[in-house]
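Given next are the chains, with one letter for each unit.
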Amino acid sequence: MDIPSDLFFLFIIRMDDQMLSSVLDEEDTYMDLSAADFAALMKQKIEFHKSLGDTTLLALPGTFDRATKSAYSFMGNKSKESFGIVIEVNDKKELLSISEAKDFVFDEFPFNIDSF
Amino acid sequence: MECFPRILTPENKILMLKSIVIEREVLPFSHKPHDHCESGAVSNLFNFYGLQLSEPMVFGLGAGLYFAHISFIKVMDAPIVSYRYLPGSVFKHAAKTLGIEIGMESFRSKAKAQAVLDEKIKENIPVGLLTDMYYLEYMPEMFRFHFNAHNLVVYGKKSEKYYISDSILEMPVMLNEEQLMKARFSKGVFSPKGKIYWINKIPENLNLKIAIKNSIHTVCKRMSGQRFPWAGYKGMQNLAKNIAGYPIKYKEEKANALLLNIVRMQEIVGTGGSGFRTIYANFLKESAGILNSKELEVFAKRMFVISDEWRNFALLAAKSAKKKTISKEESFKNVSDALYAIADQERIFFIELNNLELN
């Protein structure tokens, strides 16, 4: 996937669907969706989190595929609801995959996540 | 700091805090997340002493807004594009213009750097540190890259671990001595050299109105001045000229990467969006209220418009870098034209703002 991963992550964190859409490759597909449909899906998810009162999404590491793969997913900063998108990156921080992996589990966080 | 509604000198506050510290083991430092690490760290430090200043107010008083494009200095293989003034300048300028006495030290010796940090913590003085983000192990791996000007506040220590308020995070974190030392003594451009800063004394009667006027004047001079061809509106024009030439000078992949790097610097690197223009517009808006100036309120609105223009520029730049359907020369020329237009807007804006009589 030819997307600058840092921009992709940080526009999700900032819940900025417009900028997120701008860095997608229009000829590529994401989660088997065209760039336009994927952008619409991301917008829908971001709007949902805004409606829950979230002002930012926390990007946190975890595992999926029966804990065999490491990846990142997102959580609303106020609602603590999962964003439902899982992103795999390689050692060079390049995007490998984007999915809705249902069995993603966040790593244990060293601080009490409910206290902030 | 609701317990301490008035501004306190550090000495007085330390006395008041002593019993609390014994109970809690660390200072009751109020961590608040912010968009930009330095103005966020400084805002949290000021707030600790009862000086409640928002992040935009600290950024504005620190005369943080700027633009520089230095094509002959490269960071991560791309020429420098900066939307703010030098690292550390927000703290220094805000403190100076408010009459706050501060301390600041850099080191050659790691042992000395740690000794001074530990001493300050022992004296119950929270301190700001300059660090390289790459070594901050509390950051998820994905977000760790070499950036030597990341500010954070250390406000306690327990079992060789430091309590850290990193204002770009939602919550305070901890880091051990070795990790923090690596982050304080990284190499490269703007190497932090263990830099540490703190507040010595806050005057009881500080004059916020004068400080606001001074800071606005400083930014106006820097942005509309003629001194350096890489700075202010001239720097923008210079970058606009270069952008138009990227598809001719470089292969497509490199030209796209350079354009995306501009977006990265503008929208991502702690700017709060639109290259700090949104934060600055909020500073002007807050200042208009404090100075009771309708004219300044109009300037705040104009800065919000300029901020939107910068955002549109970032959108256009990102799309141009990704788009394959139209010629690169044409799309980069459009991006260049958009930047020339913003440069002109900012030139007029800062000249007119500088001429505004603020009472």
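Residues numbered from 1 in each chain as written. Chains lettered and ligands numbered in written order. Predicted model: local features only at pLDDT ≥ 70, side-chain atom pairs only at ≥ 80, totals over all residues.

What to know about the overall build of chain B
Moving on, step 1. A tally of helices and strands in chain B yields 12 helices and eight strands.
Moving on, step 2. Expected size for 359 residues packed as a compact globule is a radius of gyration near 21 Å; at 21 Å, chain B falls within 12% of this value.
Moving on, step 3. Counting only C-alpha atoms and orienting by the principal axes, one finds that chain B spans roughly 70 × 50 × 30 Å.
Moving on, step 4. For chain B, long-range pairs separated by at least 24 residues make up 70% of all intrachain contacts whose partners lie at least 6 apart in sequence. (Helix = DSSP H or I, 4+ residues; strand = E, 2+ residues; numbered from the N terminus. Rg over C-alpha atoms; globule rule 2.2 N^0.38 Å. Contact = placed C-beta atoms within 7 Å.)

Notes on the overall build of chain A
Moving on, step 1. Of the regular secondary structure elements, chain A holds three helices and seven strands.
Moving on, step 2. Secondary structure elements in chain A, listed N-terminal to C-terminal, are α-α-β-β-α-β-β-β-β-β.
Moving on, step 3. Computed over the C-alpha atoms, the radius of gyration of chain A is 14 Å, within 12% of the 13 Å expected from 2.2 N^0.38 for a compact globule of 116 residues.
Moving on, step 4. When the backbone C-alpha atoms are referred to their principal axes, chain A occupies close to 40 × 35 × 25 Å.
Moving on, step 5. A fraction of 44% describes how many contacts in chain A between residues 6 or more apart in sequence connect residues 24 or more apart.

Considerations on the environment of H36(B)
Residues and elements named next belong to chain B.
Moving on, step 1. By the secondary structure assignment, H36 is in the loop between helix 1 (10–24) and helix 2 (37–48).
Moving on, step 2. Residue classification places H36 among the buried positions, given that 25 C-beta atoms sit within 10 Å.
Moving on, step 3. Expressed as a C-alpha distance, the spacing of H36 and H93, which sit 57 residues apart in the sequence, is 16 Å.
Moving on, step 4. Leaving out residues up to four positions away in the same chain, H36 has contacts with E55, F59, G270, T271, G272 and I279. (Buried ≥ 20, exposed ≤ 12 C-beta atoms within 10 Å, placed from the backbone.)

Considerations on the sheet that holds strand 5 (residues 150–158) of chain B
Sheets are built from strands that pair by backbone hydrogen bonding, the pairs being arranged parallel or antiparallel.
Residues and elements named next belong to chain B.
Moving on, step 1. Read from one edge to the other, the open sheet built from six strands follows the order 3-8-4-5-6-7, with strand pairing classed as antiparallel. Two strands in the sheet have a free side with no partner beyond their single neighbour: strand 3 (101–105) and strand 7 (173–176). Adjacent strand axes in the sheet meet at a mean angle of 35° when their direction is disregarded.
Moving on, step 2. Pairing geometry for strand 6 (residues 161–165) and strand 7, over four bridges, is antiparallel. When the sheet's bridge partners are listed, K161 is paired in strand 7 with N176. (Pairing = 2+ DSSP bridges. Axes fitted to C-alpha atoms, helices over the stretch in contact; angles between N-to-C directions.)

Describing the nonpolar core
Residue and element names in this part refer to chain B.
Moving on, step 1. Counting 126 residues, the largest nonpolar core has L259 and L339 as the members making the most contacts within it.
Moving on, step 2. If you tally residues by element for this core, the top one is helix 11 (residues 294–322), at 11 residues.
Moving on, step 3. When near neighbours in sequence (up to four residues on either side) are disregarded, L339 contacts M236, L239, A240, I243 and F313. (Core = buried A, V, L, I, M, F, W, Y, C linked by C-beta atoms within 7 Å.)

A few points about the interface of chain A and chain B
Moving on, step 1. On the side of chain B, 17 residues touch chain A, which itself brings 23 residues to the contact.
Moving on, step 2. At the level of secondary structure, the elements contributing two or more residues to the side of chain A that touches chain B comprise helix 1 (5–13), helix 2 (17–22) and strand 3 (57–64) of chain A.
Moving on, step 3. Its residues placed into classes, the side of chain A that touches chain B shows 15 nonpolar, three polar and five charged. (Nonpolar A, V, L, I, M, F, W, Y, C, P; charged D, E, K, R; others polar.)

A word on unusual backbone geometry
Residues and elements named next belong to chain A.
Moving on, step 1. One non-glycine residue, D65, adopts positive backbone phi at about 55°.
Moving on, step 2. Of note, D65 is situated in the loop between strand 3 and strand 4 (69–76).
Moving on, step 3. When the 14 C-beta atoms within 10 Å are taken as the criterion, D65 is described as partly exposed.

As for helix 7 (residues 208–224) of chain B
Residue and element names in this part refer to chain B.
Moving on, step 1. Counted at 1.5 Å a residue, the expected span for helix 7 with its 17 residues is 24 Å, and the 24 Å between its end C-alpha atoms agrees.
Moving on, step 2. Taken together, the buried positions of helix 7 are A211, I212, S215, I216, V219, C220 and M223. Considered in projection along helix 7, the buried side chains sweep an arc of 165° and stay on one side of the axis.
Moving on, step 3. On the buried face of helix 7, the contacting elements are helix 3 (55–61), strand 1 (65–75), helix 4 (89–98), helix 8 (232–249), helix 10 (277–291) and helix 12 (328–355). (Expected span 1.5 Å × (residues − 1). Arc of directions from axis to C-beta.)

Some remarks on the domain arrangement of chain B
Residue and element names in this part refer to chain B.
Moving on, step 1. Split into domains, chain B comes out as domain 1 (10–201) and domain 2 (208–355).
Moving on, step 2. Here domain 1 and domain 2 have C-alpha centroids that lie 26 Å from each other.
Moving on, step 3. The interface of domain 1 with domain 2 comprises 28 residues on the first partner and 32 residues on the second.
Moving on, step 4. Broken down by secondary-structure element, the contributors of at least two residues to the side of domain 1 that touches domain 2 are helix 3, strand 1, strand 2 (78–84) and helix 4.
Moving on, step 5. The biggest single contributor to the side of domain 1 that touches domain 2 is strand 1, with seven residues. (Domains from an automatic or database assignment.)

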